[in-house]
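If you want the building blocks of each chain, they are given just below.
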Amino acid sequence: MKKALPLLFFVFLLVAEESFSQETFPRNDVKDKRSGAFAFTNATIFINSTTKIEGGTLLVRDGKIEKSGKELVAPSGFTIVDLKGKYIYPSFIDLNTSYGLPKVEIPQGGGGFGGSAEQIQTKTKGAFNDNQAIKSEYNASSEFTMDAKTAEKYRAAGFGSVLTFRADGLARGTSVFVTLADDRDNTIVLKDKAAAHFSFNRGTSRQNYPVSLMGYIALLRQTQLNADWYSKQSTKPFKDLSLEAWSASQNLPQIFEANSWINDLRADKLGDEFGRQFIIRGGGDEYQRIAEVKATNAPLIIPINFPDAYDVEDPFDAERTSLTEMKHWELAPTNPAALEKAGIEFAVTSDRLKEKTDLLKNLRKAIQYGLSESTALKSLTEVPAKLLGLQNKVGSLNNGMEANFIISSGNLFEEETIIHENWVQGKRYSLKELNPADYSGKYNLTVDGKPYTLEVSDKPGSHKFKIKVTDSLSVDGKTKLDKNLLTLSFNPVKKRDETVRLSGWRQGNGWVGRGQLVNGTWVDWKADLTGPLDKKEEKKDDKKTIKPEVGEVIYPFTAFGSKEKIKQEEILIKNATVWTNEKEGILQNTDVLLKDGRIAALGKNLTTTGRTIDGTGKHLTSGIIDEHSHIGAAAINDVATNSSMVRIGDVVDSEAISIYRTLSGGVVAVQILHGSANPIGGQSALVKLKWGVGPEELKIKGADPFIKFALGENVKRSGSSTSIRYPQTRMGVEQVYVDAFTNAVEYEKKWKEYNTLPANVKAKAIAPRRDLVDETILEIVRGKRFVSCHSYVQSEINMMMKVAERFGFRINTFTHILEGYKVADKMKAHGAGGSTFSDWWNYKWEVHYAIPYNAAIMSRERVVTAINSDDADMGRRLNQEAAKAVRYGNVSEEDALKMIR
């Protein structure tokens, strides 16, 4: 009995193998059970970007890599494919596609500042998030289906697998990772729910909130907090499939589409708040701030859609082409090399290329500009596989991996190299004939007895046909070669409508066949080889080995940028007239020493080891401060009635040319305020204007936090007869404030109750949901955040002060405050300051009572008074705006200067 065991065991293995290999899909055709075993011999095989086998053999069986090596012998049953010195590489991987998914149609209009298309609530049916821009419940695998036509384009570029997701919304749900085989969806899906996706684009949502970049960030931030809270509830207080999906996808790779270096930083900063490291889809401009991008520690997915040269022959076109555009055209090809040099891990995407087949052309260009070939290959294979945790399936040619590989004529990154075949999951896709015949040479071409000379040149597989009609006329032939069949057409007199069309087959060393003359007559033709082409002297082309010379990166990357970031210096300014703005008043012939960014000394006969500037005959004052500005931000307004959760600080734009221009007017610091679209606007950013630094370096560290409120016509939508957003009256505006402060106080009570629970009870309790709106408003009530309130008419100014006093805080600043002269005494009693225009008036109904004496009157009532710009152009001449208080109100020059200091 024991002797039968091996035989029984063998039979069991056969049955088991047959059982395991059975398919659940019924077939109605003759099934091919052959294993698909291939041995690719005599090839240069790139197992990965660093491991290469010269003259090696690659064994493939049943769609998987079985083995590779230098002197492998093909096992019995393997089909041998002699590659005769060709190259094998892993097929490429693209992490940024919508392959196989329905196209997203973006509706026009909606949201914003009013109109018939305004949409307050979500229109998504079902138990989903109340904001349509949050689509985390979406799974691409539920809609994916193989797309043969698109797959063919990807394969022609060298791709064997892609990550595909739906580019719709701020939270986009999960993607699916698939191969590009023409096969059933069941067999080509390698991983469903492969990654979670996010962006700064709300997509198809047309809700009023959010409509700005800072609103997008605020919504993502709040949704993360909501999901964290919701996931902790054992008994859910409501059903939100979007929040459930958000939490369920936390352990997946997190991919954020940012599309520019500055958004790379914003996405990373958002991720840092919640301990998440995003994989960031960049914009291809990371070279502009490589140090800041490096500091994110984020791996990147980068496009290589380098811009075409601008047509500047027309002087008007040249005038419209900015320095930033020209510099990016020049330096964009350096981006991959800059990332490699900085040690930043990145994958390359074909997204936004005009043609997928431009991929290698552009990568070769990047190599010319300094990118190494090994990193180029790695960015297309190993890195994308690693980022998805699929390095044991795709991205290299190790044993057991998916048989996704390409066969090329030579080094993949040489200009003349072509891809012959792309094998996906062990299935062959022919792109260019693997071993095309060499037909080059001279031929006697005879068409209906008429002789021509035919020259066939260039390499096999890409032959060019030229027909010599007469001694002085040669024309190009249009051809199609398919194995031994040839289609050839040419215009014997170079007229488009006079074409000879020939079709034939290989015979001996030439072709024979039938065709039609210009007049349609059918004739016989033949072409006989007479000898080789005349040898031409080969020109050496060294352009591939010479790194192109390019200009330097400038900071910021715009007009008036500098090659080096501005550094602090020790500077002595001598013999200036110094306006101290202090009790010392104006000092004549005085020296000022600047050291470590501060005023180190003030006096006479000072010395320095640094730079000296002669201030003789010149005046030195402290820098101008603009209390109300909108420069240097990528977004200004969001339009939720209460937008206290949005933060200008999230969208500071260090590249704004208005910073340079405002600096030229002596302004050194500004409060970047949210706009006045809503009663409660967003949080301010207080910045020092530094030309050439990054966005975080502009922010004043430790500055008191501020927020923008607004009263009047803007917030009640006086300019729109169709707006449906609340409020629409001035008394409605008051109620918005009362409700907001009341809700914040109630919110505080919930947290106090939770925080005072006994430790054993608290350990089992769920903390209240964090609400960024209530948290911000509560900061105001508790004196931790200060209000700058857009205002015009005295009735609303009085209302705002009374509401604040009702809740126990004070309005810090009434800005604009054009009727401040009417209520200056009440402002003084309340403790509010006034920041006003010097003489703007009559630009809408509620400013009809503005007077140029406003600043002077408020100041005389001992209200802290400032003059602001609210305008990028006016911000350059605030000294002149302050001078109007001297002209109209007899304010002293020193006191007028204090209004802008």
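Look up a bit, the structure's there.
A quick note: this is a predicted structure, and the numbers were derived from the prediction, not measured. (Residues numbered from 1 in each chain as written. Predicted model: local features only at pLDDT ≥ 70, side-chain atom pairs only at ≥ 80, totals over all residues. Heavy atoms only, no water.)

Peer 1: Honestly, empty space enclosed by the protein in this entry has me stumped. Any pointers?
Peer 2: To locate leftover empty space, one rolls a probe as large as a water molecule over the atoms. Under the definition given, this model contains three cavities of 30 Å³ or more. What the largest cavity holds in volume is close to 60 Å³. Lining the largest cavity are Phe 198, Leu 220, Gln 224, Trp 246, Phe 256, Leu 270, Gly 271, Phe 274, Arg 276 and Phe 278. When grouped by side-chain class, the residues that make up the lining of the largest cavity number seven nonpolar, two polar and one charged. Estimates place the volume of the second largest cavity at around 40 Å³. Around the second largest cavity, the lining residues are Ser 136, Ala 171, Arg 172, Gly 173, Thr 174, Ala 196, His 197, Phe 198, Trp 246 and Ser 249. Where the lining of the second largest cavity is concerned, the elements lending two or more residues are strand E8 (171-174) and strand E11 (196-199). If one sorts the elements of the lining of the second largest cavity by residue count, E8 sits on top with four residues. The class makeup of the residues in the lining of the second largest cavity is four nonpolar, five polar and one charged. (1 Å grid on protein atoms, 1.4 Å probe; cavity = no way out; pocket = protein on both sides within 12 Å on 5 of 7 lines; lining within 4 Å. Points joined across faces, edges and corners; volume = space filled by probe spheres on them. Nonpolar A, V, L, I, M, F, W, Y, C, P; charged D, E, K, R; others polar. Helix = DSSP H or I, 4+ residues; strand = E, 2+ residues; numbered from the N terminus.)

Peer 1: In this structure, what is going on with the pattern of salt bridges? I would like to understand it.
Peer 2: Considering all chains together, one arrives at 46 salt bridges under this definition. One salt bridge in this structure joins Lys 884 and Glu 881, with 3.2 Å as the shortest N-O distance. Here Glu 881 and Lys 884 lie together in helix H22 (residues 878-889), a separation of three residues that amounts to about one turn. Overall, the relative accessible area of 24% leaves Lys 884 in the partly exposed class. Three or more residues joined by partner-sharing salt bridges are found here, namely Asp 839, Asp 873, Arg 876, Arg 877, Glu 881 and Lys 884. (Salt bridge = Lys/Arg side-chain N within 4 Å of Asp/Glu carboxyl O. Buried < 20%, exposed > 50% of the residue type's maximum accessible area, 1.4 Å probe, protein only.)

Peer 1: How do you make sense of helix H2 (residues 148-156) when you look at a structure like this?
Peer 2: For an α-helix, 3.6 residues make a turn, and residues three or four places apart therefore share a direction. Among the residues of H2, those classed as buried are Ala 151, Tyr 154 and Arg 155. One face of H2 carries all of its buried residues, which in axial projection span an arc of 100°. Those residues of H2 that are exposed and angled more than 90 degrees off the buried face are Lys 149 and Glu 152. Considering only its buried residues, H2 is in contact with strand E6 (92-97), strand E7 (159-164), strand E17 (419-424) and strand E18 (427-430). Once H2 ends, the next one or two residues include Gly 158, with phi positive near 110°. (Arc of directions from axis to C-beta. Contact = heavy atoms within 4.5 Å.)

Peer 1: Sorry, what's going on with the packing of helix H4 (residues 213-231) against helix H6 (residues 261-273) here?
Peer 2: Helix packing geometry: the angle between the two helix axes and the distance between the axes. Where H4 contacts H6, the two axes come as close as 11 Å, and the packing angle between them is 20°. With respect to H6, the axis of H4 lies roughly parallel. Classified by chirality, the crossing of H6 by H4 is right-handed. Residues Leu 213, Ile 217, Leu 220 and Arg 221 of H4 form the contact with H6, whose participating residues are Asn 263, Arg 266, Leu 270 and Glu 273. A class-by-class count of the residues in the contact of H4 with H6 yields four nonpolar, one polar and three charged. (Axes fitted to C-alpha atoms, helices over the stretch in contact; angles between N-to-C directions. Parallel < 35°, antiparallel > 145°, perpendicular 65-115°, else oblique. Left-handed = near helix turned anticlockwise from the far one by under 90°.)

Peer 1: Looking at this structure, I do not really get the side chain of Asp 268. What am I missing?
Peer 2: Tracing the sequence through the fold places Asp 268 in helix H6. Among buried charged residues, Asp 268 stands out as having no salt bridge; its nearest opposite-charge side chain is Lys 269, 9.6 Å away. The contacts of Asp 268, once residues within four sequence positions are left out, are Gln 277, Ile 280, Thr 296 and Ala 298. (Lys, Arg positive; Asp, Glu negative; His and termini not counted.)

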